[in-house]
Amino acid sequence: MIRKLYTVSRQGPFSIALFLSMLFSRPVTAQVTLGFNKDSMWHLLVSRPDDTLKVPVLILLGQQYEYNQPDSALYYYGRVGQLSKQLHYPAGYIRYVSNYASVLNTRGKFDESIKLNLQAVDTCLKYKLGGINYVRAFGNTAAAYQYKGDYAAAVDYYLKTLPAAESLRDTQTLSTLYNNLSGLYRDLQQPEKALGYSQKSLDLAEKSHDLNLEGNARINLGNLEKDFNQMSRGLQNIEKALSIARQLHDSVMEETALINIGDTYEKMHDPVRSITAFQKALPLAEALKDVPGQAHVSQGLAVGFFQTARYHAAQSLLVKTIAFDSAHGEKKMWRDGLLLMSDVQIALGRPDLSRKYRDQYDSVGEAFLNASLLKNIQELETKYKVEKQQHDLLKKDLQLKEKDKAAIRQRTWLITAIVIVVLLTVLFILTWRFSRQRQQLQQRAIRTLEAEQENVRLKAKLEGQQHERQRISQEMHDDMGSGLTSLLFLGRSLNPPDEKDREISRKMQQTAEGLIHKMNEVIWAMSYEQDTLDSLVAYIRTNAAGMLENVGIDFRYSVQDPPPQMDVNQEFRRNIYLVVKEAVHNVVRHSGASIVQIDISVIDSTLAITIYDNGKGFDPAAGHRFGNGLKNMARRMQQVDGKIDWTIDNGTRLDLRAPI
Amino acid sequence: MVPASIFGRLYNFRYINKSPFWAFLYKMDNIRVSIVEDIPEIREGMRFIVNQTPDLICLATYGSAEEAMTGLVLDVPDLCIMDIALPGSTGIDCIRKLKAAGSPIQFAVFTIYENSDQVFEALAAGASGYLLKDTPPDRIITALRDLYAGGSPMSASIARKVVSSFQRPGAAAISLSTREQEILALLAKGFLYKEIAQQLGITTGTVRQHIHHIYDKLHVQNRTEAINKFFGGPGSGTPRL
């Protein structure tokens, strides 16, 4: 069953129509098709025991009375409540509340209605009821608040209802919710939202091919469009609704559509058409005994007459209308009627009457104004609150966005900074490595240069040494050699008669010879070009052979063949040569040997010389007689890090080892 | 006895490169030795040693290379004992010039130290042997006789220098015989003549003669080299004639 309510529009002097529906389980059409009538249901009620099945019966019964005998309806609904409590049937209780409260709403007892509905909400929460019951409880609470004009609470409860209703897939319920929300937002002067919900409702109706719903949705949408000055579109919707109403033979809808068409034309300043629409609506309203409808239609017609300057018609209609309004407590209409009457009396040239009506208007208005004012203030406050909430939301949104932006900015900066740091680091590392490489290269170059210089220096030093050695050799050779040779020859030229003097001369010659020989050895040792092992070996051989040949000792000489090509320095050469010479000398002088064997070999860079003779040998420990010579040999071997060993076994064997 | 100075002067005056008619006075088979030495004591000592020997005769002594250059051309000895270090030109220059002029004199370099570069230089320039200054007189005589007989001394060090001289690139014009190479190799190892002779189954004299030949080849090679150097040598451009 559709409930409709005419609320006051703050914009114009004439009211607009708006459906504000309560949520019920069954549409009116359902009971009609089921074929119930009051008597059969009464029987059913008496015959049945008290169980939950009685609840729908009682409600149906109540609904039958509700429109014309609300008190009877309340009685039956009250029984539903009692029964449900008795049976602990929460769903039934909620149905009781929705129906009972709707009656209370029509009677303007909004506070009671709210109280009752809140009880339903409590019940719903207490029994954790979902689905249609939850939607009913919350939705009706919201509607009650909306009736009362507590828009904040209404929005709150509607929004709580909406998700559940949308998931319920009950087209009618959802449609009603959308319509109510649309009306709510219309009152809150938020056209977009109002139109949006209304359009949603219409879409839903069209989708479900429910003409009844579609008609109501179109009336609502058209009304809204009219309110928000989209006249032609509004008219279109309402006219469509009118055709639907006629198709359905729904006189309530037809009446509502016609009233709204009339309103629209009136607003479009087309009083002729407006009057036509209202005249069509009037019989319907009278037939339906729709008091507010009648009041509204009469008022609309009066305005139409006034605007078309049919003042007498307007006057006679207004007289009835004012009486009707005051009788039925339609204060708003009454007041509007009085104001219009005042204007009509002026138009008819009766200022006294006009003032009289004006005074009546004022007295009714004051009483009415208080309520209206209060309501307006509340509306304003709610609107302000909602706007503030929305503003807060927007602000929060903005803040979030700004935060996001800031975060993005920060992140961008951070990334940029990191990239820069990384780049700088890479650059630094590259530069550092480059410079280090260059430094290393330079250092290497410097080192190479230094090494070259060192080489050159060493070479120069070596060359200098060589030069020095050559010079010394040369000087020894030239000066000392010449001198010694002179001495030698002088000695030879002496031929003293005295035997003693001859001996001296001979010794002098020998000394000179010895000196020359020693000098030659030194020159040999100093000579750079003789710094080879070959040279040493050959020199040893030549000299040893020379020494031994003179005294007739058999000489055997063996050299590892081929002798390795190695360089040996002058100190090494000199010491080795002198040791061998001393050894051979000793053999010649002391051993009495007949054979001398000299073996020379090189093993692992060690020069090994073995000198063997078959002489009588000697005791190295007690050999003080040649002590100095032996010590000298040992010392010389030490100077070249070598070793010297004697073995006395059928002669003497001398082993020399020296690392080259 | 006729004073040498008078005969010398006459000889110098009348004969160039020819035996004087009174050459018999010096005994025809005597070995004529001239001495170039700047130190008088040594010069005289050597003259004394030479003259003391029956088959040797000291033809002349000179105190400088310049003196010797003219003297040795006019008064040609069989052997010449040539000191290296002389005031003015060296003994080596003297030998080189005389040999280049085709002098038949056998030069013995008189030296204290046999292994010096100068000795080898002199040998390459045309000397056939060398004589050590500290050699006892009797061995000096032997050495001179050996030299005259076509023999030469060679130390290990000089042998090595000779070998390397013949192995030098561009010195391929004259090659040594296998025997000569063998002897040089042994000498370089310090073998004595006696040992070489034993090893190769020849006499010491033959060894000496081989060495003499080696010296001759060294001279030729040295001269060829000098000419090559002067004219650019074979393969190094057209001779400038």
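Residues numbered from 1 in each chain as written. Chains lettered and ligands numbered in written order. Predicted model: local features only at pLDDT ≥ 70, side-chain atom pairs only at ≥ 80, totals over all residues. Heavy atoms only, no water.

*Asks:* Got a minute to help me understand the overall build of chain A in this structure?
*Replies:* Helix and strand counts for chain A come out as 22 helices and seven strands. Sequence-distant contacts in chain A: of pairs separated by 6 or more residues, those separated by 24 or more amount to 63%. By element, 55% of the accessible surface of chain A is carried by carbon and sulfur atoms, the whole surface being about 34,700 Å². (Helix = DSSP H or I, 4+ residues; strand = E, 2+ residues; numbered from the N terminus. Contact = heavy atoms within 4.5 Å. Areas by Shrake-Rupley, 256 points an atom, 1.4 Å probe, with all protein chains shown as cover.)

*Asks:* I'm lost on the interface of chain A and chain B in this one. Help?
*Replies:* How large an interface is tends to be reported as the accessible area lost when its parts come together. On the chain B side, the residues contacting the 33 residues of chain A number 32 residues. Both faces combined, the contact of chain A with chain B buries some 2,500 Å², and carbon together with sulfur accounts for 55% of it. Where chain A packs against chain B, one counts two salt bridges. Here R541 of chain A ties to E195 of chain B by a salt bridge, and the two come within 2.7 Å at their closest N and O atoms. Summed over the shared surface of chain A and chain B, the result is four residue pairs in polar contact (both at pLDDT 80 or more). For the side of chain A that touches chain B, the secondary-structure elements that each account for two or more residues are α18 (351–493), α19 (499–526) and α20 (533–551) of chain A. Along the lines of polarity and charge, the residues of the side of chain A that touches chain B split into 11 nonpolar, 14 polar and eight charged. (Buried area = accessible area lost by both parts, 1.4 Å probe. Salt bridge = Lys/Arg side-chain N within 4 Å of Asp/Glu carboxyl O. Polar contact = N/O pair within 3.5 Å; in protein donor to acceptor, adjacent residues only side chain to side chain. Nonpolar A, V, L, I, M, F, W, Y, C, P; charged D, E, K, R; others polar.)

*Asks:* When you look at the environment of E66 of chain A in this model, what are you seeing that I'm missing?
*Replies:* Residue and element names in this part refer to chain A. As for its placement among the helices and strands, E66 is situated in helix α3 (residues 54–66). The class for E66 is buried, based on a relative accessible area of 4%. Each C-alpha atom, one on E66 and one on Y76, is 9.6 Å from the other, the two residues being 10 residues apart in sequence. (Buried < 20%, exposed > 50% of the residue type's maximum accessible area, 1.4 Å probe, protein only.)

*Asks:* Sorry, what's going on with the sheet that holds strand β2 (residues 56–62) of chain B here?
*Replies:* Within a sheet, adjacent strands bond to each other through the backbone by hydrogen bonds, running parallel or antiparallel. Residue and element names in this part refer to chain B. Pairing is parallel across the open sheet formed by five strands, whose spatial order is β2-β1-β3-β4-β5. Across the chains shown, the open sheet's two edge strands, defined by having one partner strand only, are β2 and β5 (127–132). Across this sheet, the average inter-strand angle for adjacent strands is 25°, counted without regard to direction. Pairing between strand β4 (residues 106–111) and β5: five bridges, direction parallel. If you follow A108 over to β5, its bridge partner there is G129. Where helix α2 (residues 40–52) meets the sheet, it contacts β1 (31–36), β2, β3 (79–83), β4 and β5, and its direction lies at approximately 160° from that of β2. (Pairing = 2+ DSSP bridges. Axes fitted to C-alpha atoms, helices over the stretch in contact; angles between N-to-C directions.)

*Asks:* Which parts of the structure should I look at to understand the state of the cysteines?
*Replies:* Simply put, disulfide is the name for a covalent bond between the sulfur atoms of two cysteines. All names here are of chain B. Considering all chains together, one arrives at zero disulfides over all chains under this definition. Here C80 is not cross-linked by a disulfide; its sulfur's nearest cysteine counterpart is in C94, at 6.9 Å. With a relative accessible area of 0%, C80 lands in the buried category. The exposure class of C94 is buried, given its relative accessible area of 1%. (Disulfide = S-S within 2.5 Å.)

*Asks:* Would you mind going over the sheet that holds strand β3 (residues 554–559) of chain A with me for this structure?
*Replies:* Residue and element names in this part refer to chain A. Strand order in the open sheet formed by five strands is β3-β4-β5-β7-β6, with mixed pairing between adjacent strands. What marks the edges here is a single partner per strand, and that holds for β3 and β6 (643–648). On average, adjacent strands in this sheet sit at an angle of 10° to one another, irrespective of strand direction. Of the pairings in the sheet, the one linking β6 to strand β7 (residues 652–659) comprises six bridges and is antiparallel in character. Of the residues in β7, the one forming a bridge with I644 is L656. The sheet contacts of α20 involve β3, β4 (595–603) and β5 (606–613), and relative to β3 the element is tilted by about 170°.

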